[in-house]
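Fold and geometry: a report
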Amino acid sequence: MKAWAKTGIVAAAALSAAAITGPVASAATNPYTAAEACSHDFGGSWSPAKDGERDVMYGTAKWGEVHLMYNSAHANCVATIKSVDVGTKTYVDAGILVKGGTWQDDDGQFAYYAAVKVSANNQCVQYDGFVAHGSGLASGGRYAWGNCD
C-alpha cells in the first residue's frame, strides 16, 4: 500500500472513530493466536516482540489486535487478529514498515486474520492493523520506530 494511501486510511479511521463510536460489535473467539497465524502462513516458530501488541479500535470498541512477532531467522511478522465477524470474510489489513523502506501489507477479505512477513534484522520498524465491520474501519498500531535491535 502506498504511504499516502495508508496515511489516508489512518486519518479516515481516526476521524470516523472520533465522530462516532460506531456499531456495537459482538466479541467472538478467534481460533488463531498471532504466533499461530504467522506459523500457519510462513512456517516456523514465532515469538512476540517487545512493545509488539496494540488493540485495533473503532472509537471505544475493540475489533481486534495487531501483533509484531519475530523468529530465529531474523524475520518479523505482523498479524492482525479479528475479534468481530470471526469466521466471516471481511476486510483485514496487517502492515509493517522497515526504516528506509515502504509499507508492506497483507490486506483483503479474510475470515480470521491478515499476516505479513519481512526480513528486518537489527532494523527499526513500525506496524499497524485494520479491521472492517459494517461501515466502520478500526485501526491500531505503533507509528514510532522501535524494535531496532
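The present account deals with the structure reproduced in this document. Bear in mind the structure is a predicted one, so any value in this text is a computation, not a measurement.

This brings us to the pairing of strand 8 (residues 136–146). In this structure, strand 7 (residues 125–133) lies alongside strand 8, joined through eight bridges in antiparallel fashion. Directly across from V125, in strand 8, lies its bridge partner G146. Hairpin connection from strand 7 to strand 8: two residues lie between these consecutive antiparallel strands, with G134 at a positive phi of about 60 degrees.

Our next topic: the nonpolar core. W63, L68, V78, I96, V125 and V131 are the most contacted members of the largest nonpolar core, which totals 21 residues. Those elements that place two or more of their residues in this core are strand 1 (47–58), strand 2 (61–70), strand 4 (90–98), strand 6 (113–119) and strand 7. Setting aside residues no more than four positions away along its own chain, V131 makes contact with V56, W63, T80, K82, V84, Y91, V92, G136, L137 and A138.

What follows is about the state of the cysteines. Tallying each qualifying case throughout the model produces two disulfides. Between the sulfur atoms of C124 and its disulfide partner C148 the distance amounts to 2.0 Å. Residues C124 and C148 are joined by a disulfide whose S-S torsion is about 120 degrees; by sign, that bridge is right-handed. You can see C124 sitting in the loop between strand 6 and strand 7 and its partner C148 sitting in the segment after strand 8, a full 24 residues away along the chain. Here C124 falls in the buried class, since its relative accessible area comes to 16%. Cysteine pairing for the protein chain (bonded cysteines numbered in sequence order): 1-2, 3-4.

What counts, and at which threshold
Residues numbered from 1 in each chain as written. Predicted model: local features only at pLDDT ≥ 70, side-chain atom pairs only at ≥ 80, totals over all residues. Heavy atoms only, no water. Pairing = 2+ DSSP bridges. Helix = DSSP H or I, 4+ residues; strand = E, 2+ residues; numbered from the N terminus. Core = buried A, V, L, I, M, F, W, Y, C linked by side-chain atoms within 4.5 Å. Buried < 20%, exposed > 50% of the residue type's maximum accessible area, 1.4 Å probe, protein only. Contact = heavy atoms within 4.5 Å. Disulfide = S-S within 2.5 Å.

The values are spatial; any link to function lies outside them.
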